[in-house]
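Listed here are the chains, written in short residue letters.
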Amino acid sequence: MNSIKNVPARVLSRRPGHSLEAEREQFDKTQAISISKAINTQEAPVKEKHARRIILGTHHEKGAFTFWSYAIGLPLPSSSILSWKFCHVLHKVLRDGHPNVLHDCQRYRSNIREIGELWGHLHDRYGQLVNVYTKLLLTKISFHLKHPQFPAGLEVADEVLEKAAGTDINDIFQLTVEMFDYMDCELKLSESVFRQLNTAIAVSQMSSGQCRLAPLIQVIQDCSHLYHYTVKLMFRLHSCLPADTLQGHRDRFHEQFHSLRNFFRRASDMLYFKRLIQIPRLPEGPPNFLRASALAEHIKPVVVIPEEAPEDEEPENLIEISTGPPAGEPAVVADLFDQTFGPPNGSMKDDRDLQIETLKREVETLRAELEKIRLEAQRYISQLKGQVNTLEAELEEQRKQKQKALVDNEQLRHELAQLRAAQLEGERNQGLREEAEKKASLTEARYTKLKEQHSKLIATHAELLRKNADTAKQLTAKQQNQEEVARVKEQLVFQMEQVKRESEMKLEEQSDQLEKLRRELEAKSGELVRVQQDLSRTEQSGSELSSRLDVLSAEKEALSSAVRQQEADLQAAQNLVQEKEAALSQEQQRHSQERAELQGRLADKESREQGLQQRLLDEQFEVLRRSAAEAERILQDAVGKLDDPLHLRCTSSPDYLVSRAQVALDAVSALETGHAQYLTSRSDASALVAALTQFSHLAADTIVNGSATSHLAPTDPADRLIDACRDCGARALELVGQLQDQQAVQQAQPDRVRSPLQAILQLGQDLKPKSLDVRQEELGALVDKEMAATSSAIEEAVRRIEDMMNQARHASSGVKLEVNERILKSCTDLMKAIRLLVTTSTSLQKEIVESGRGAATQQEFYAKNSRWTEGLISASKAVGWGATQLVYVAPGSRPTRWCFIRASTKSSSSAPMRLRPARPSWWQPPR
């Protein structure tokens, strides 16, 4: 693992005196600093020390949870350079991090894909590289998850490759295709980087060029392994399949071979790569897969990563160019021409040759010193790796010992229970033994056979006591030597079971013997009668029996003393068992204390988690409350425009109002869904906030357009529309008010806004202009008819105004007569202007019809242009009606202001012009 170098052992070990929480907090802080320094917007390559700390963090926590918890919050969509460096760090973490990193990255595949797709749609140079890089990372994650035999670093032995490929030729074929796809992604990234760079050597020494070239180091490492594996698999495929079948594989391999060889050649020519990586050289031509012996000629390309100098120090110049001659040599004075172009004869100066030789020797000396430094650094690295492995082994051993201690504790408890059961069994055996002794003492003086059976019983009991003593000794040895506790425990269990089985067998034998003794005792009773008779007959036999009885009494005393000794040994064994029980109780007490301490920590952790959960709920409700407050301000502004006099001049079409109301109704459905989701899980208010924001804007738009539409509508529909808008605003404000109260969110009913919106929608549909109920073939005649009617109305209006003027002259005088004459004269002039307008429009209408109809008749032209014809008819009706209404203005009274409102030409059908009085500024709609 090339990234873990020069790591002090204290990084991987816990410092004494620090709790787990403090250590975790320090670890998170260190990781956050390293991630922020490694992934930034500066156009410079990622520093190895920051990447190395991130990789060490993955090994420390056995995964990439901390890395993703910070990386997911980076503003990747805001900077393409930031996204590029994030992909670079992720590639290094995948290759050199802990094996669990691969599974952690699997959960964030969608985030990686979204970043790539976002920058792929933008015309940004780094953005296009990010798009290619994310595809490579996704391919890498998928390949290694599908083939866990290959680590993310792609370094495995040939035996592992053969095992992963298997014996099925279809699996080998598929694995080769997947490695080809893997190699294509790697080569595509390298080609994209070189395409954006100038191939000059100096470009690789600039920070902008190094920022693009730095990820290619990992690409070179991946490609070297993939090339070796594909060569192996191709030779294996050619050994099992015909050459024609693998023609496509060979063509694809040859294309990748030439691309990879060109990539390695161009990279090895750059100074940036020469000090960071030793790039292998590929052969001049690809391997000949048709010849099996060519596999022996294949040489695995090996990539070597040299030891790196500390990045905090500036790199030293290996060659120092002095500005003057060396000490001890005379100074050479040359003019500006010689210094610039050299001597006239073109020969070089001797002092420069000497200087070059001196510099070469210095370079060789520095190279030797550098090699020594590399060897020493390698030795340090080996030592540190050994320390790391030792610490990890110690940690694992401690975990195993802890688990083993818990298991031993349970086994000792079980063993103690077995010992107690064995003790009870021994007590029962002791009672049986005493009973047997009593029965034997009654018959031992008279029967030799009974003595022999009793002796066997005593020997058996002695054997049991000896085994019991051995068991006690083994328990004492177990207490002294804790390392042999498992083996002694097994022996004890086995011996106790054996003793138990032997005891049961002996009890059965003793029961049989007692039955046999009873039968023999009954048989001997008759013999005793006969013996007594014999005893009475012979005294000599009695004296012999008396002497034998004395011998048996002595033997009995000896046996009694042996039994007392065995009882003392048994008591010592019981005392030893009590000591083991006391030690076991102390161990149980210590474990109970540790358990209580762990339970306390668990309770603290649960309380902190509950606090964080409550904080999350409060933050989500705060977001919802602020969104509801903003929605309330939007709706209040819209409702306020219903009473705004300046808004009376704003107009809108019913068609637009219907479209806005329909979209607002759809937003109500989304609002209901978001409200239900929030009530189900209050830790996520995103859906409700989004739906509320959309609903507030659409509802406010509907209210404003409803008010604007009412300005063009008749009085009754306009009042109903205004009332519907007010009802909609009131219910919407009530809803957003409930959403701002944490107690009232549960009782909020978004569906109550639906009914006023549906009323607005219905009124808008009712206010839509209706087409003229005239067939197209009658439009031509209707145009002439309406134009004639308009001319007649204007003639009638002129005649009536003249009559009114004559009446005013007879009925009025003075100033009133003068005012009335002026008013009627203005009306007469207006009528003349209207008559001229109608005449001019009629002439223009004829010209338009004659110029546009061609060979068609006038009726066919009107029918073909029906919308234009309907507008013309509507305009003529409005002009005639306005001329008629103008006559009813009484001279001398307060004139009523009239306004002509033209129907919108964007509506679905042409509507006649409507004439309605303009509302004064003091007028308010009915509530």
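Model, not experiment: these values are computed from the prediction.

(A) Summary view of the overall build of the protein. Across its full length, the protein carries 26 helices and 2 strands. The proportion of buried residues among the 927 residues of the protein is 37%. Considering only contacts in the protein between residues 6 or more positions apart, those separated by 24 or more positions represent 78%. Element-wise, carbon and sulfur atoms account for 53% of the exposed surface of the protein, whose accessible area totals about 54600 Å².

(B) Just the pattern of salt bridges, in detail. Applying the stated criterion across every chain, the model contains 26 salt bridges. A salt bridge links arginine 625 to glutamate 622, with the shortest nitrogen-to-oxygen separation between them at 2.6 Å. With a gap of 3 residues between them, arginine 625 and glutamate 622 both fall in helix H18 (residues 539–640), about one helical turn apart. Residue classification places arginine 625 among the partly exposed residues on the basis of a relative accessible area of 29%. Relative accessible area serves as the criterion here: at 27%, glutamate 622 is assigned to the partly exposed category. With a shortest N-O distance of 2.2 Å, arginine 726 and aspartate 643 are connected by a salt bridge. Placement of the pair is arginine 726 in helix H21 (residues 715–739) and aspartate 643 in the loop between H18 and helix H19 (654–680), with a sequence separation of 83 residues. On the accessibility criterion, arginine 726 (16% relative accessible area) is buried.

(C) Summary view of unusual backbone geometry. A positive phi angle, near 60°, is found at lysine 62, a position not held by glycine. A positive phi is found at leucine 154, a non-glycine position, where the angle reads about 65°. Mapped onto the elements, leucine 154 comes out in the loop between helix H7 (125–146) and helix H8 (158–165). When its relative accessible area of 0% is taken as the criterion, leucine 154 is described as buried.

(D) Geometry of the packing of aromatic side chains. All chains considered together, the criterion is met by 17 aromatic pairs. Note on tyrosine 227 and phenylalanine 253: the rings are 6.0 Å apart at their centroids and 20° apart in plane angle, and the pair reads as stacked. Separated by 26 residues along the polypeptide, tyrosine 227 in helix H11 (residues 216–238) and phenylalanine 253 in helix H12 (residues 247–268) bring together distant segments of the chain. Accessibility classification places tyrosine 227 together with phenylalanine 253 in one group, the buried group. Ring pairing ties together the aromatic residues Tyr227, Phe235, Phe253, Phe257 and Phe289, which thus form one cluster. Between the NZ or CZ atom of arginine 266 and the centre of the ring of phenylalanine 194, over which it lies, the distance is 4.4 Å.

(E) Just a nonpolar patch on the surface, in detail. Among the surface-exposed residues, Val815, Val819 and Ile823 lie close enough to one another that they form a single nonpolar patch of about 240 Å² accessible area. Here valine 815 lies in helix H24 (residues 814–853).

(F) Local environment of the confidence of the model for the protein. When pLDDT is averaged along the protein, the result is 76, and 75% of the positions lie at 70 or above. Element-level pLDDT for the protein is lowest in strand S1 (residues 898–901), with a mean of 32, against a maximum mean of 92 in helix H4 (residues 80–96). Across residues 1–18, confidence stays below pLDDT 50; counting only partners more than four residues off in sequence or on other chains, it has 36 contacts.

(G) Looking closely at the packing of H4 against H11. Where H4 contacts H11, the two axes come as close as 10 Å, and the packing angle between them is 40°. Taken together, the axis directions place H4 and H11 in an arrangement best described as oblique. Like other packed secondary-structure pairs, H4 and H11 cross with a definite hand, here left-handed. Across from His88, His91, Lys92 and Arg95 in H4, the residues of H11 making contact are Gln218, Val219, Gln221 and Asp222.

(H) Quick peek at the nonpolar core. Counting 91 residues, the largest nonpolar core has Phe67, Trp68, Phe263 and Phe273 as its most contacted members. Looking at this core, the element that brings in the most residues is H11, giving 13 residues. Once you skip the residues sitting within four places of it in the chain, phenylalanine 273 turns out to touch Leu213, Leu216, Ile217, Ile220, Ala267 and Ile279. Counting residues in each nonpolar core, the second largest holds 48 residues, with Leu665, Val668, Leu721 and Ala748 among its members.

(I) Just helix H2 (residues 48–60), in detail. Taking 1.5 Å of rise per residue, 13 residues should cover 18 Å, and H2 covers 18 Å from first to last C-alpha, within 8% of that figure. Taking burial as the measure, the 13 residues of H2 include 11 buried ones, the bulk of the element. When H2 is considered as a whole, its buried residues turn out to be Glu48, Lys49, His50, Ala51, Arg52, Ile54, Ile55, Leu56, Gly57, Thr58 and His59. Immediately beyond the C-terminal end of H2, within one or two residues, lies lysine 62, with a positive phi of roughly 60°.

(J) Examining the side chain of arginine 250 more closely. Its location among the elements puts arginine 250 in helix H12. One buried charged side chain, arginine 250, makes no salt bridge at all; its nearest oppositely charged neighbour is aspartate 244, positioned 5.3 Å away. A polar atom in the side chain of arginine 250 sits 2.9 Å from the backbone oxygen of alanine 243. Other than its neighbours up to four places away in sequence, arginine 250 contacts Met234, His238, Ala243, Phe289 and Leu290.

Parameters at a glance
Residues numbered from 1 in each chain as written. Predicted model: local features only at pLDDT ≥ 70, side-chain atom pairs only at ≥ 80, totals over all residues. Heavy atoms only, no water. Helix = DSSP H or I, 4+ residues; strand = E, 2+ residues; numbered from the N terminus. Buried < 20%, exposed > 50% of the residue type's maximum accessible area, 1.4 Å probe, protein only. Contact = heavy atoms within 4.5 Å. Areas by Shrake-Rupley, 256 points an atom, 1.4 Å probe, with all protein chains shown as cover. Salt bridge = Lys/Arg side-chain N within 4 Å of Asp/Glu carboxyl O. Phe/Tyr/Trp six-rings, centres within 6.5 Å; stacked < 30°, edge-to-face > 60°. Lys NZ or Arg CZ within 6 Å of the ring centre and 35° of its normal. Patch = residues over 30% accessible without salt bridge, like charges linked within 9 Å, V, L, I, M, F, W, Y side chains within 5 Å. pLDDT = per-residue confidence, 0-100. Axes fitted to C-alpha atoms, helices over the stretch in contact; angles between N-to-C directions. Parallel < 35°, antiparallel > 145°, perpendicular 65-115°, else oblique. Left-handed = near helix turned anticlockwise from the far one by under 90°. Core = buried A, V, L, I, M, F, W, Y, C linked by side-chain atoms within 4.5 Å. Expected span 1.5 Å × (residues − 1). Lys, Arg positive; Asp, Glu negative; His and termini not counted. Polar contact = N/O pair within 3.5 Å; in protein donor to acceptor, adjacent residues only side chain to side chain.

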